[in-house]
Amino acid sequence: MRLSEIGDKEIIDIKDGSKHGQLWDAEMLFDENTGEIKALLVPDFEGAPSRFRKNSDYIKLPWESIVKIGEEIIIFQSVI
């Protein structure tokens, strides 16, 4: 799957149904040695708990927390 194919997908937390924008709204953090995606920085539109925040505007979402990439949404599970 190409990035251009998933950019419009809505990012949703399966725990509480909170929406965090589209993938285009997120920043990706890469491992400099391997090029693997390590995490996404997604907008904090719903006011996530402080331990998930990089700053007041974003939540650092480890790549491993993504449960499913569907046709219209990306589902992740926060650890609250």
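Scroll up to find the structure.
Nothing here was measured: the structure is a model prediction, and the numbers come from that model. (Residues numbered from 1 in each chain as written. Predicted model: local features only at pLDDT ≥ 70, side-chain atom pairs only at ≥ 80, totals over all residues. Heavy atoms only, no water.)

Asks: Before we go on, may I ask you to explain the side chain of Asp13 in this structure?
Replies: Along the chain, Asp13 falls in strand β1 (residues 10–13). Here Asp13 occupies a buried position and makes no salt bridge, while the nearest side chain of opposite charge, Lys15, is found at 7.2 Å. In this structure, Asp13 is in contact with Ser18, His20, Phe76, Gln77 and Ser78, ignoring residues within four places of it in sequence. (Helix = DSSP H or I, 4+ residues; strand = E, 2+ residues; numbered from the N terminus. Buried < 20%, exposed > 50% of the residue type's maximum accessible area, 1.4 Å probe, protein only. Lys, Arg positive; Asp, Glu negative; His and termini not counted. Salt bridge = Lys/Arg side-chain N within 4 Å of Asp/Glu carboxyl O. Contact = heavy atoms within 4.5 Å.)

Asks: So what exactly am I meant to see when it comes to the pairing of strand β4 (residues 37–43) here?
Replies: Looking down a regular strand, the side chains alternate between one sheet face and the other. The element β4 is extensively covered by neighbouring structure, given that five of its seven residues are classed as buried. Counting the residues that bridge the hairpin from strand β3 (residues 27–30) to β4 gives six residues, and of these Gly35 lies at a positive phi of roughly 80°. (Pairing = 2+ DSSP bridges.)

Asks: For this particular structure, what's the right way to read the sheet that holds strand β6 (residues 66–69)?
Replies: Two strands in a sheet stick together by hydrogen bonds in their backbones, pointing the same way (parallel) or opposite ways (antiparallel). Read from one edge to the other, the open sheet built from four strands follows the order β2-β1-β7-β6, with strand pairing classed as mixed. Because the sheet does not close on itself, it has two edges, and the strands there are β2 (19–22) and β6. Each neighbouring strand pair of the sheet contributes to a mean axis angle of 20°, computed without reference to strand direction. As judged from the four bridges shared by β1 and strand β7 (residues 73–76), these two strands associate in the parallel manner. Within β7, the position partnered with Asp13 by the bridge is Phe76. (Axes fitted to C-alpha atoms, helices over the stretch in contact; angles between N-to-C directions.)

Asks: Whenever I open this one, the sheet that holds β4 confuses me. Can you help?
Replies: Strands sit in the order β3-β4-β5 across an open sheet of three strands; the sheet is antiparallel. The open sheet terminates on both sides in strands that have one partner only, identified here as β3 and β5 (58–62). Neighbouring strand axes in the sheet, compared pairwise and without regard to direction, differ in orientation by 25° on average. Bridge count between β3 and β4: four bridges; the pairing is antiparallel. Counted as the bridge partner of Phe30 is Ile37 from β4.

Asks: Help me understand the pairing of β1 in this model?
Replies: With two bridges connecting them, β1 and β2 associate as antiparallel partners. Residue Ile12 lies in a different strand from β2, and its bridge partner there is Lys19.

Asks: Would you mind going over the side chain of Ser65 with me for this structure?
Replies: Structurally, the position occupied by Ser65 is in the loop between β5 and β6. We classify Ser65 as buried; its relative accessible area is 14%. Setting aside chain neighbours within four positions, we find Ser65 in contact with Ile75, Phe76 and Gln77.

Asks: Sorry, what's going on with the nonpolar core here?
Replies: One broad trend across soluble globular proteins is that nonpolar side chains are buried collectively. Judged by nonpolar contacts, Ile6, Ile11, Leu23, Ala26, Leu40, Val42, Ile59, Leu61, Ile66, Ile74 and Phe76 together constitute the single largest core of eleven residues. Sorting the residues of this core by element identifies β4, β5 and β7 as the ones contributing at least two each. Among all residues touching Ile74, those that are not within four sequence positions of it are Ile6, Lys9, Glu10, Ile11, Ile12, Leu23, Ile66, Lys68 and Ile69. (Core = buried A, V, L, I, M, F, W, Y, C linked by side-chain atoms within 4.5 Å.)

None of this, on its own, says anything about what the molecule does.
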